[in-house]
Amino acid sequence: MKPLLLSLTLLGLGIAQAELRTFTNTAGKSIQAELLAVSDGAAVLRLANGRQAKVPLKSLAPDDQTFVNEWWEKNKNKLRESDVRLTITKNSDRISSERSEKDKGRKSIDEYTFTCVLENRSKKEAKIKADYIIYKKSNSRTPNGSSQKVVEIKGTEEAGLLEASGELSFDTQAVRCEDSSRKVGGGKDKKPESYRQSETIQGIVVTLSAGGVEFLKQDYPDNLLKRLAEEEKRQTDREKSSR
């Protein structure tokens, strides 16, 4: 299993980096960018810093103009990120809740799903496949110390046909989280030992593809991967400093 930080880094890079190309203009200046579309005689590029720019085709070197035109002829009827809007909603349902007077404990179980609604703003249509990763965080505290870990729960949905100017929706698999606490032992001159287990859903990353080509990757909440990576780094730094 990859370390979480490494897998988050790879996931965050997405497919865009693999499609970066060097574009050169007629003045000999070059940039690294991903070609997204052609619009009004200009190439729509996503730069290495994530920003988008429109570059007139006539300003590009002849070889790049040929590449852009051939790419557009091949891809103009395929779904792109700009053609759709994905809305993700988190749902929760309390499955059970109980208390124990014996050990002053409590335990609750909640079930979580995500509903994804995909809106097509174009006249194209395609069968949609969705791959997703749900991130569940587990915190444990015992008399011997505390620990935490993040588990990746992966799933796939054949979402169906997204019609022109249409909409489709799908739900992810259900994931259960437990929150429990209890006290053990104790007496007149001794405090009871406390135990706590808490699981929470951090979020989800959804990757959509059509015809075997990925065209959209979206996380919920926004910047989920960045926050998870930062949190794991802080945890690693704390563990190193405590040694």
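For the structure itself, consult the block above.
Residues numbered from 1 in each chain as written. Predicted model: local features only at pLDDT ≥ 70, side-chain atom pairs only at ≥ 80, totals over all residues. Heavy atoms only, no water.

Give me the lowdown on the overall build of the protein, citing residues and values where you can.
Across its full length, the protein carries three helices and 12 strands. With the principal axes as the frame, the protein shows a C-alpha extent of 85 × 45 × 25 Å. In the protein, buried positions account for 34% of the 243 residues. Summarising the internal contacts of the protein: among those between residues at least 6 apart in sequence, 59% fall at separations of at least 24. Per element, the accessible surface of the protein, about 15300 Å² overall, is 46% carbon and sulfur. Put simply, the protein has 44 plus and 37 minus side-chain charges, and the middle of one group is 6 Å from the middle of the other. (Helix = DSSP H or I, 4+ residues; strand = E, 2+ residues; numbered from the N terminus. Buried < 20%, exposed > 50% of the residue type's maximum accessible area, 1.4 Å probe, protein only. Contact = heavy atoms within 4.5 Å. Areas by Shrake-Rupley, 256 points an atom, 1.4 Å probe, with all protein chains shown as cover. Lys, Arg positive; Asp, Glu negative; His and termini not counted. Charge placed at Lys NZ, Arg CZ, Asp CG, Glu CD.)

If you had to explain the sheet that holds strand 4 (residues 52–56) to someone new, which residues and values would you point to?
Taken together, the four strands give an open sheet; going across it, the order is 1-2-3-4, and neighbouring strands pair in antiparallel fashion. A single partner strand is all that each edge strand has here, and the edge strands are strand 1 (21–24) and strand 4. Taken pair by pair, the neighbouring strands of this sheet meet at an average axis angle of 55°, ignoring direction. Across five bridges, strand 3 (residues 42–47) lies against strand 4 in antiparallel orientation. Note that in strand 4 the partner of arginine 46 across the bridge is glutamine 52. (Pairing = 2+ DSSP bridges. Axes fitted to C-alpha atoms, helices over the stretch in contact; angles between N-to-C directions.)

I'd like a description of the environment of lysine 107, backed by residues and values.
With respect to the helices and strands, the residue lysine 107 is situated in strand 6 (residues 105–120). Distance in space between the C-alpha atoms of lysine 107 and serine 39 is 57 Å, their sequence separation being 68 residues. Residue contacts for lysine 107: discarding those within four places in its chain leaves Ser96, Ser97, Glu98, Glu178, Asp179 and Ser180.

Residue-level account of the nonpolar core, with values.
Ranked by internal contacts, the top residues of the largest apolar core, which has 27 residues, are Ile128, Val206 and Leu208. One finds Phe23, Leu35, Ala43 and Val68 within the second-largest nonpolar core, a separate group that totals 10 residues. (Core = buried A, V, L, I, M, F, W, Y, C linked by side-chain atoms within 4.5 Å.)

Explain the pattern of salt bridges to me, and be specific about the residues and the numbers.
For the structure on display, the rule yields 14 salt bridges. The shortest N-O distance in the salt bridge between arginine 46 and glutamate 81 comes to 2.9 Å. You can see arginine 46 sitting in strand 3 and its partner glutamate 81 sitting in the loop between helix 2 (62–75) and strand 5 (84–100), a full 35 residues away along the chain. Residue class for arginine 46 comes out buried when judged on its relative accessible area of 17%. Using a relative accessible area of 37% as the deciding quantity, one classes glutamate 81 as partly exposed. For the salt bridge of arginine 176 with glutamate 111, the shortest nitrogen-to-oxygen distance reads 3.0 Å. Here glutamate 111 lies in strand 6 and arginine 176 lies in strand 10 (residues 175–184), a separation of 65 residues in the sequence. The exposure class assigned to arginine 176 is partly exposed, which follows from its relative accessible area of 45%. Connected through shared salt-bridge partners, Glu34, Arg46 and Glu81 make up one network. (Salt bridge = Lys/Arg side-chain N within 4 Å of Asp/Glu carboxyl O.)

Describe the packing of aromatic side chains, and please don't skip the residues or the numbers.
Taken as a whole and judged by the stated rule, the model has three aromatic pairs. Aromatic side chains tryptophan 71 and tryptophan 72 sit 6.2 Å apart centroid to centroid with 25° between the ring planes, which places their arrangement in the stacked category. One Lys or Arg, arginine 182, reaches over the ring of tyrosine 195 and ends 4.5 Å from the middle of that ring. (Phe/Tyr/Trp six-rings, centres within 6.5 Å; stacked < 30°, edge-to-face > 60°. Lys NZ or Arg CZ within 6 Å of the ring centre and 35° of its normal.)

Residues and numbers for the pairing of strand 11 (residues 193–210), please.
As judged from the 14 bridges shared by strand 7 (residues 126–142) and strand 11, these two strands associate in the antiparallel manner. Its bridge partner being in strand 11, serine 140 is matched across the sheet by glutamine 197. Relative to strand 11, strand 10 is paired through six bridges, and the arrangement is antiparallel. Counted as the bridge partner of valine 184 is glutamate 193 from strand 11. In terms of strand pairing, strand 11 meets strand 12 (residues 213–220) through seven bridges, oriented antiparallel. Paired with isoleucine 204 across the bridge in strand 12 is tyrosine 220. Taking the residues that link successive antiparallel strands as the turn, the strand 11-strand 12 hairpin has two residues, and the phi of glycine 211 there is positive, at about 65°.

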